[in-house]
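These are the residues of each chain, in order.
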Amino acid sequence: MRHQISLGLDDLRTVVALAEELNYHRAARRVGKTQSGVTRAVARVERHVGTRLFERSHSKNHSVSTTDAGILYVARARLAIAHSESAELAARDSLRGVTHQISVGKSVFTDRRLVTILRSIELPLHPGLEVLLHTRSPAELPACVRSGEFDLAVVSNSVEDSLLSGTVLRCVPFTVVLPEGHSCASKESVTLKDLSSTPWVLFERHLHPALYDSFLNRARELEIRVERISN
């Protein structure tokens, strides 16, 4: 029966690892278990919740896929892990006299001046406040806030998310660097249409999915042909 099955954070971490890796071997290596250990942990969690969280995948790169129930479960499992880790940190911080911490996520693209401001925050009503800065890829930051890993994050070119609220801190125009002889070099500003005949080299999508997609979507709207370069 379900109430007789005892789950621990180790089980939750294993399920989260498998959901993110979608491969038993990679998940096992990540959590320091054998593949059979991962299988047993997943089976234990599935017995506890009474439904399948994963199913076999026919993809060449993934051995499993996450079911709809699994997606919902993993989202909340991340929260449970984050709250547990937060509780541990709070207990240790009390020994150092730190009364409160704010975890702030940023990317490598975050303006350095803003980072300096964040590091220097002092609130008179919270003399023990400590601001912890963590660096993640832009694509990971919203998920880190949703899961409770970070209290807030500074995100460039963010996408709409019904589970998050946002405030615009700064609007910065995108800069285009052109050679002196380019026909647009003398203009104060250029549009994507102006650059339609110029070869584009885009960064990899995983570095900033929202910004990457906005470029390509706008290019399609303007009927600009974008050629991909394959290795």
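Located above this text is the structure these notes cover.
Anyway, here's the lowdown on the structure attached to this text. (Residues numbered from 1 in each chain as written. Predicted model: local features only at pLDDT ≥ 70, side-chain atom pairs only at ≥ 80, totals over all residues. Heavy atoms only, no water.)

## Some details on the side chain of D11
For D11, the location among the structural elements is in helix α1 (residues 9-21). Overall, D11 belongs to the buried group, its relative accessible area being 5%. Engagement of the side chain of D11 in a polar contact is seen with the side chain of R44, the distance being 2.7 Å. Those residues in contact with D11 that sit more than four places away from it in its chain are S6, A41, R44 and V45. (Helix = DSSP H or I, 4+ residues; strand = E, 2+ residues; numbered from the N terminus. Buried < 20%, exposed > 50% of the residue type's maximum accessible area, 1.4 Å probe, protein only. Polar contact = N/O pair within 3.5 Å; in protein donor to acceptor, adjacent residues only side chain to side chain. Contact = heavy atoms within 4.5 Å.)

## Overview of helix α2 (residues 24-31)
Between the side-chain oxygen at the start of α2 and the backbone nitrogen of H25 there is a gap of 2.9 Å, and the oxygen is on N23. Trailing α2 by a residue or two, G32 shows a phi angle of about 75 degrees, which is positive.

## Some details on the side chain of N23
Residue position: N23 is located in the loop between α1 and α2. With relative accessibility at 17%, the residue N23 sits in the buried group. A polar contact of 2.9 Å, which involves the side chain of N23, links it to the backbone nitrogen of H25.

## Side note on unusual backbone geometry
Even without glycine at this site, L22 takes up a positive phi of about 55 degrees. When you line up the elements, L22 lands in the loop between α1 and α2. Of note in this structure, E223 is not a glycine but carries a positive phi near 60 degrees. Position of E223 relative to the elements: it lies in the segment after α7 (209-221).

## Some words on the nonpolar core
V15, L18, V42, L53, F54 and Y73 are the most contacted members of the largest nonpolar core, which has 19 residues in total. For this core, the elements supplying multiple residues, two or more each, are α1, α2, α3 (35-49) and α4 (68-95). Counting residues per element, this core draws most heavily on α1, at 6 residues. Residues contacting V15, with those up to four places away along its chain left out, are V42, V45, L53, F54, Y73 and V74. (Core = buried A, V, L, I, M, F, W, Y, C linked by side-chain atoms within 4.5 Å.)

## Side note on α1
Under the 1.5 Å per step criterion, the end-to-end length of α1 is 18 Å for 13 residues, consistent within 8% with the ideal 18 Å. Within the span of α1, buried status applies to D11, L12, T14, V15, V16, A17, L18 and A19. A positive phi of about 55 degrees marks L22, the residue just after α1. (Expected span 1.5 Å × (residues − 1).)

## Overview of the sheet that holds strand β4 (residues 129-135)
Within a sheet, each strand pairs with its neighbour through backbone hydrogen bonds, oriented either parallel or antiparallel. A sheet is described by the order of its strands in space; here 3 strands give the open sequence β4-β3-β5, paired in parallel fashion. Where the open sheet ends on each side, the last strands, each with one partner, are β4 and β5 (152-153). Here strand β3 (residues 100-106) pairs with β4 via 7 bridges, running parallel. Its bridge partner being in β4, V104 is matched across the sheet by L133. (Pairing = 2+ DSSP bridges.)

Geometry only, nothing functional implied.
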